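# Architecture at a glance
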Amino acid sequence: MKEGPTPHLSRLAEFLGCPFSLDEEKEGVVDSIIESCSFSNLELKRPESCTYYGIDHQLFFWQGEVGDRQNYLTPKMVDRFDKMS
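As the structure is a computational prediction, the values presented were derived from the model and not from experiment. (Residues numbered from 1 in each chain as written. Predicted model: local features only at pLDDT ≥ 70, side-chain atom pairs only at ≥ 80, totals over all residues. Heavy atoms only, no water.)

Interhelical geometry of helix α1 (residues 5-15) versus helix α3 (residues 29-36) gives an angle of 105° and a closest axis separation of 10 Å. Classified by the angle their axes make, α1 and α3 are roughly perpendicular. Contact residues: α1 offers Pro5, Thr6 and Leu9, while α3 offers Val30, Asp31, Ile33 and Ile34. Tallied by class, residues from the contact of α1 with α3 come to 5 nonpolar, 1 polar and 1 charged. (Axes fitted to C-alpha atoms, helices over the stretch in contact; angles between N-to-C directions. Helix = DSSP H or I, 4+ residues; strand = E, 2+ residues; numbered from the N terminus. Parallel < 35°, antiparallel > 145°, perpendicular 65-115°, else oblique. Contact = heavy atoms within 4.5 Å. Nonpolar A, V, L, I, M, F, W, Y, C, P; charged D, E, K, R; others polar.)

Shown next as structure tokens:
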């Protein structure tokens, strides 16, 4: 998903019942959303004092890497996630 987010964002939009139109795709709306939501962009815009419902923002983000989930999830959890995608 990190290396090719466009189809995943399109699938998410379809799942939510608001798929992108061909015009939106041609105008770069999908790419704009991906850029706006990129971790590097969110990192730049996030104030240091930011909290969500009183919970410090650092609990929501960590410097994850592709394939790093094995360090945090059990094999059973990884298998369950794989079956969902």
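All right, on to a nonpolar patch on the surface then. Nonpolar side chains collect at one region of the surface, where Leu12, Phe15 and Leu16 lie side by side and expose about 370 Å² of accessible area between them. Tracing the backbone shows Leu16 in the loop between α1 and α2 (22-26). With relative accessibility at 58%, the residue Leu16 sits in the exposed group. (Patch = residues over 30% accessible without salt bridge, like charges linked within 9 Å, V, L, I, M, F, W, Y side chains within 5 Å. Areas by Shrake-Rupley, 256 points an atom, 1.4 Å probe, with all protein chains shown as cover. Salt bridge = Lys/Arg side-chain N within 4 Å of Asp/Glu carboxyl O. Buried < 20%, exposed > 50% of the residue type's maximum accessible area, 1.4 Å probe, protein only.)

What follows is about a negative patch on the surface. Residues Glu14, Asp23, Glu24, Glu25 and Glu27 make up a contiguous surface patch of negative charge. With 3 residues, the top contributor of residues to the negative patch is α2. The topology assignment puts Glu27 in the loop between α2 and α3. For Glu27, a relative accessible area of 63% corresponds to the exposed category. (Lys, Arg positive; Asp, Glu negative; His and termini not counted. Charge placed at Lys NZ, Arg CZ, Asp CG, Glu CD.)

Oppositely charged side chains are able to pair whenever their charged atoms sit close together. For the structure on display, the rule yields 1 salt bridge. Where Asp79 meets Lys83, a salt bridge forms, and the shortest distance between an N and an O atom there is 3.3 Å. With Asp79 and Lys83 both in helix α5 (residues 75-84) and 4 residues apart, the pair spans about one turn of that helix. Asp79 gets classed as partly exposed once you look at its relative accessible area, which sits at 37%.

Mean pLDDT over the protein works out to 80, with 69% of the residues at or above the 70 mark. By mean pLDDT, strand β1 (residues 51-52) is the weakest element of the protein at 60, and α2 is the strongest at 94. (pLDDT = per-residue confidence, 0-100.)

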